[in-house]
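Close look at the chain arrangement
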Amino acid sequence: MSANSTPEILIVGGGVVGLSLAYELAVHGSNVQLIDRASVGREASWAGAGILPPVNRATAIDPLDRLRALSHQLHREWAVRLREETGVDNGYRECGGLYLARSAGEVASLHAFAEMLRDLEIEIERLTPSEVAELEPALSDVAASQLKAVYSLPGEAQLRNPDHLKALRLACERRGVDIVADREATGFELSNSRLAAVQTTTGPLHADQYCITSGAWTQRLLMQVGISTGIMPIRGQMVMFKCEVPPFRRILNEGPRYLVPRDDGRVLVGSTEEEAGFDKSTTPEGVGELVALARQLVPELRDAPIENSWAGLRPGSFDSFPYIGRLSGIDNAFAGAGHYRSGLHMSPGTAVVLRQLMFGEEPEIDLTPFRVGRG
Ligand SMILES: Cc1cc2nc3c(=O)[nH]c(=O)nc-3n(C[C@H](O)[C@H](O)[C@H](O)COP(=O)(O)OP(=O)(O)OC[C@H]3O[C@@H](n4cnc5c(N)ncnc54)[C@H](O)[C@@H]3O)c2cc1C
């Protein structure tokens, strides 16, 4: 796109949702501009762990499950396509996951979770301590002494967030998407029931259609056109260990916490859930809790150096559903935000259904539960 031409579509916010939408639109021939108030792909989407829990498309009936299932399938396809188009391996691996319970409360929740997955015909298997030790020798001690229940989910996958974002950005650029950093949307210019421009720190931007994908900051922006979403920032802290070789192969989950092994020996440990406004600091308590969990479960990590720690702001929503759809009362403006703990996972499906809606097609998933402006 030439620097002066008006794009057909302007996307506000370059996290994984905005970049995935830009990619999907560009693949289908649209002329797209994407702006971000800072650098693209440096907020929640960068901070996350990249866990992609398994879904069975055949048994996914409700819209949220269908969105996860569509996305799960697309991740597999997009990983290949993005590598072919950009040469970047986004770290998509079907590594499997183990779900662990040490307390009676965790055991009860885990059995209920396993039952739910069986109902959805998602492969899940209960393991004995010796089976755990055989699969993951690093867990031998804790399996024998502390774990009261362990389930294996072979279909769990992961991708490496910074690499996925890099691949998406490169693929967008190669398809002509105009990506503009350091340009913040500050307001909207309405004309009857249409958006005429997005006001930004350096002047207005015009397009035929607009989509707001500004993550945890979406509520602030949409309030300016009188739309309330209930999207709020939920801070998640992470810690990264560096080992010589990966000490285990599968993602380890215990309640809402997890340890994710990367191919190069790094281990991510996450994550807290805190209401701290837009403050992205880590805290000694948050980091300390994650380090303690990691070292309890995997004794090898007692000697491994901590390479880094950080925090990101998940776009939480009051009912745990994302907001995907047209802005009520504005014909040519849309939003995709509020995916909370699953935004990486649900990003390609979100991009596809938004593209279908923006092209005037019937989205392949019923978007009623995701209506923008509910709540
Ligand atoms: C610690 C942690 C662990 C996580 N783990 C996982 C996981 O394992 N699996 C999973 O699926 N999800 C995970 N998530 C959730 C996932 O990361 C988010 O749901 C997802 O990244 C949200 O993407 P987004 O594009 O909506 O938001 P963001 O990545 O936050 O992007 C929004 C972008 O909009 C820009 N922006 C904001 N306001 C404006 C404005 N006014 N003008 C222009 N630009 C603006 C921001 O600068 C930002 O770049 C995790 C999140 C965290 C924090």
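Everything below is about the structure printed above this text.
One structure accompanies this document, and this report is about it. (Residues numbered from 1 in each chain as written. Predicted model: local features only at pLDDT ≥ 70, side-chain atom pairs only at ≥ 80, totals over all residues. Heavy atoms only, no water.)

Residue position: S342 is located in the loop between β19 (333-337) and α10 (343-358). Relative accessible area serves as the criterion here: at 17%, S342 is assigned to the buried category. For the pair S342 and L52, spaced 290 residues apart in sequence, the C-alpha separation works out to 8.1 Å. Here R68 takes part through its side chain, which lies 3.3 Å from a polar atom of the side chain of S342. (Helix = DSSP H or I, 4+ residues; strand = E, 2+ residues; numbered from the N terminus. Buried < 20%, exposed > 50% of the residue type's maximum accessible area, 1.4 Å probe, protein only. Polar contact = N/O pair within 3.5 Å; in protein donor to acceptor, adjacent residues only side chain to side chain.)

Further remarks concern the pattern of salt bridges. This structure, assessed with the given rule, holds 21 salt bridges. Residues E24 and R355 are paired through a salt bridge, measuring 3.1 Å at the closest nitrogen-oxygen approach. With E24 in helix α1 (residues 16-27) and R355 in helix α10, the pair connects residues that are 331 residues apart, well separated along the chain. With relative accessibility at 7%, the residue R355 sits in the buried group. Here R266 ties to E307 by a salt bridge, and the two come within 2.6 Å at their closest N and O atoms. Of this pair, R266 sits in strand β16 (residues 266-270) while E307 sits in strand β17 (residues 306-316); the two residues are 41 residues apart in sequence, bridging distant segments of the chain. For R266, a relative accessible area of 22% translates into the label partly exposed. A cluster of three or more residues bridged by salt bridges with shared partners is formed by R160, D163, D264, R266 and E307. (Salt bridge = Lys/Arg side-chain N within 4 Å of Asp/Glu carboxyl O.)

A few words on the packing of α1 against helix α7 (residues 161-174). Contact geometry for α1 and α7: axes closest at 9 Å, N-to-C directions at 35°. The way α1 lies across α7 gives a crossing that is left-handed. Mapping the contact onto sequence places V16, L19, S20, A22 and Y23 in α1 and H164, L165, L168, R169, A171 and C172 in α7. Looking at the contact of α1 with α7 residue by residue, the class counts come to eight nonpolar, two polar and one charged. (Axes fitted to C-alpha atoms, helices over the stretch in contact; angles between N-to-C directions. Left-handed = near helix turned anticlockwise from the far one by under 90°. Contact = heavy atoms within 4.5 Å. Nonpolar A, V, L, I, M, F, W, Y, C, P; charged D, E, K, R; others polar.)

The next point concerns the sheet that holds strand β11 (residues 203-205). With respect to topology, three strands assemble into an open sheet ordered β9-β10-β11, the strand pairing being antiparallel. Pairing within the sheet leaves two strands with one partner each, and these edge strands are β9 (185-191) and β11. Across the sheet, the mean angle from the axis of one strand to that of its neighbour is 30°, orientation sign disregarded. In the sheet, β9 pairs with strand β10 (residues 194-200) via six bridges, with the strands oriented antiparallel. What sits directly across from F188, in β10, is V198. (Pairing = 2+ DSSP bridges.)

A separate point is the site of the ligand. Lining the immediate surroundings of the ligand are 37 residues, of which D36, S45, I51, Y340 and H345 lie closest. Within the contact set of the ligand, an oxygen atom lies 2.5 Å away from a side-chain nitrogen or oxygen of S45. A185 is positioned such that a nitrogen or oxygen atom in its backbone is 2.9 Å from a nitrogen atom of the ligand. Contact with the protein chains hides 98% of the accessible area of the ligand, taken as 1,000 Å² for the molecule alone. Looking at the shell around the ligand, the elements that each hand over two or more residues are α1, α2 (44-47), β13 (232-242), β17 and α10. Residues that form the shell around the ligand fall into these classes: 15 nonpolar, 15 polar and seven charged. Each of domain 1 (9-89 + 161-231 + 319-370) and domain 2 (97-156 + 232-316) gives at least three residues to the shell around the ligand. (Near = heavy atom within 4 Å. Areas by Shrake-Rupley, 256 points an atom, 1.4 Å probe, with all protein chains shown as cover. Domains from an automatic or database assignment.)

Along its twelve residues, α1 runs 16 Å from first to last C-alpha, staying within 8% of the 16 Å computed at 1.5 Å per residue. The element α1 is largely enclosed, with a buried count of eleven among its twelve residues. When α1 is considered as a whole, its buried residues turn out to be V16, V17, G18, L19, S20, L21, A22, Y23, E24, L25 and A26. Immediately beyond the C-terminal end of α1, within one or two residues, lies G29, with a positive phi of roughly 90°. (Expected span 1.5 Å × (residues − 1).)

Read across the open sheet, the eight strands follow the order β5-β6-β4-β14-β15-β16-β13-β17; overall the sheet is mixed. Where the open sheet ends on each side, the last strands, each with one partner, are β5 (125-126) and β17. For β13 and β17, the ladder comprises ten bridges, and the chain directions are antiparallel. Looking across to β17, one finds that I234 is bridged to R314. Across the face of the sheet, helix α4 (residues 104-119) comes into contact with β4 (97-101), β5, β6 (149-153) and β14 (251-254) while running at roughly 30° to β6. Its contacts with the sheet put helix α9 (residues 284-297) on β4, β13, β14, β15 (257-261), β16 and β17, and the angle it makes with β13 is roughly 45°.

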